[in-house]
Amino acid sequence: MIRKVMAEVDVKLGIRQTLQKIEETYSKRQTLSNAPKPLLIAVSKTKPVDLILDAYSVGQRDFGENYVQELVEKANDAKILEHCQDIRWHFIGHLQSNKINKLAEGLNKAWEKVKADNADKKQKLNVLVQINTSGEDGMSQTKKNGVQPEDAVGLFRYVLDKCPNLNCEGVMTIGRFGHDYITGPNPDFGTLMKCHQGICSTFERDPAELQVSMGMSDDFVQAIEAGSTIVRVGSSIFGARAKKPTVA
C-alpha cells in the first residue's frame, strides 16, 4: 500500500506548483517590501531518496530534514552523492537542550571542530533563532520549541557576542496549526515579524538582509504575504507522511 501511494506522488509537479505560488505571491508583495524572493526548502523528512532525486531533477536544491541521523544518511547516500552534487541541506528539527544558550555554545564548539578537521570548512555555520510565537509548551504534543518573543533580541546578541563560529541569519517559527484566516491574519506571523523588526532596529540591520522563516504547506502563501523569506514545504510536494500503524 505504501509503494502504491508513493508511485502516485508527482514530486516534479509539486515543486513547479509550489514555485509558481511563491512567484505569484511574491510579485504582489514587492510593492510593499524590498525583501528577496522567498527560498523554498523542500521538507523531505521520512521520504525516500528517489523522491529527492525527482525534486532535484527539476531544479530544487534546498532540502530540509528534521532528524540528524536521517539527514546524515541521506547526505551520504550513493545516489545523492552522484546525482545531487550541489544539494543544500537544512536541519529544521529540534536539538535536545534544556537551555538555549548551552545549545548555541554546543553548536559553536561543534562547528569549530568541523572547521579544524576539514581544511575547506572556513565559513561560519548559518543558523536561525527559533521563536515560540504561539506560546505552546515545548513539551506538549505539538512540540513547539524556541525562545519567547521577548527573548529574541537577547539570544541574537548572545550568538553574536559568544558564538564566533555561528552566523545568525534571522528568525523562524512553526506557529500554531490550523489558523482560520477568515478571522484575520495569523498572529504568529505578526509576532515573528515584530521580533524581526526588533532585531533589525537593535543591531542596525537591513530588514531585507535578515531572514524570516515561516510558512509550511498549508499556509506558506499567507506567510509570504506577511513577510516570510523562507518557506518550508513538505506534504504539498512529497505527499502526506505515512502514519504509524496503531496497535489494537
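Basis of the calculations
Residues numbered from 1 in each chain as written. Predicted model: local features only at pLDDT ≥ 70, side-chain atom pairs only at ≥ 80, totals over all residues. Heavy atoms only, no water. UniProt positions renumbered as here; feature names shortened; annotations may be inferred. Helix = DSSP H or I, 4+ residues; strand = E, 2+ residues; numbered from the N terminus. Buried < 20%, exposed > 50% of the residue type's maximum accessible area, 1.4 Å probe, protein only. Contact = heavy atoms within 4.5 Å. Areas by Shrake-Rupley, 256 points an atom, 1.4 Å probe, with all protein chains shown as cover. Phe/Tyr/Trp six-rings, centres within 6.5 Å; stacked < 30°, edge-to-face > 60°. Lys NZ or Arg CZ within 6 Å of the ring centre and 35° of its normal. Expected span 1.5 Å × (residues − 1). Arc of directions from axis to C-beta.

As recorded in an unreviewed UniProt entry, the protein goes by the name Pyridoxal phosphate homeostasis protein, listed as coming from Anopheles epiroticus. Word for word, the UniProt comment on the protein under Sequence similarities (unreviewed entry) is "Belongs to the pyridoxal phosphate-binding protein YggS/PROSC family."

A.B. asks: Talk me through the overall build of the protein; I want residue IDs and the actual numbers.
C.D. replies: Across its full length, the protein carries 10 helices and 7 strands. In the protein, which comprises 248 residues, the share counted as buried stands at 40%. For the protein, long-range pairs separated by at least 24 residues make up 63% of all intrachain contacts whose partners lie at least 6 apart in sequence. Of the accessible surface of the protein, which amounts to about 14700 Å², a share of 51% is contributed by carbon and sulfur atoms.

A.B. asks: Can you break down the UniProt feature "modified residue: N6-(pyridoxal phosphate)lysine" (unreviewed entry) in the protein residue by residue, with the values?
C.D. replies: As recorded in UniProt, the sites labelled "modified residue: N6-(pyridoxal phosphate)lysine" (unreviewed entry) are Lys45. With respect to the secondary-structure elements, lysine 45 resides in the loop between strand 1 (39–43) and helix 3 (49–57). For lysine 45, a relative accessible area of 18% translates into the label buried.

A.B. asks: Before we move on, could you go through the packing of aromatic side chains and cite the residues and values that matter?
C.D. replies: Think of a pair of aromatic rings as described by two things: how far the centres are apart, and how the planes are tilted against each other in angle. Scanning the model with the defined rule gives 2 aromatic pairs in all. When the centroid spacing of 6.1 Å and the interplanar angle of 50° are considered together, the rings of phenylalanine 63 and tryptophan 89 count as tilted. Here tryptophan 89 lies in strand 3 (residues 88–91) and phenylalanine 63 lies in strand 2 (residues 62–65), a separation of 26 residues in the sequence. Exposure remark for phenylalanine 63: the relative accessible area of 0% places this residue in the buried category. Using a relative accessible area of 22% as the deciding quantity, one classes tryptophan 89 as partly exposed. The interplanar angle of 40° and the centroid separation of 5.1 Å between the aromatic rings of phenylalanine 156 and phenylalanine 203 together place this pair among those described as tilted. A residue pair is termed long-range when its members are at least 10 positions apart, and phenylalanine 156 in helix 7 (residues 152–162) and phenylalanine 203 in helix 8 (residues 187–203) qualify at 47 residues. Over the face of the ring belonging to tyrosine 56 we find arginine 61, whose NZ or CZ atom lies 3.6 Å from the ring centre.

A.B. asks: I'd like a description of helix 8, backed by residues and values.
C.D. replies: Its 17 residues place the ends of helix 8 24 Å apart at the C-alpha level, agreeing with the 24 Å of an ideal helix rising 1.5 Å per residue. Within the span of helix 8, buried status applies to Asp188, Phe189, Leu192, Met193, Cys195, His196, Ile199 and Cys200. The arc that holds every buried residue of helix 8, seen down its axis, measures 155°, which confines them to one face. Of the residues in helix 8, the exposed ones pointing more than 90 degrees away from the buried face are Pro187, Lys194 and Ser201. Packed against the buried residues of helix 8 are helix 7, strand 5 (166–172), strand 6 (211–213) and helix 9 (220–226).

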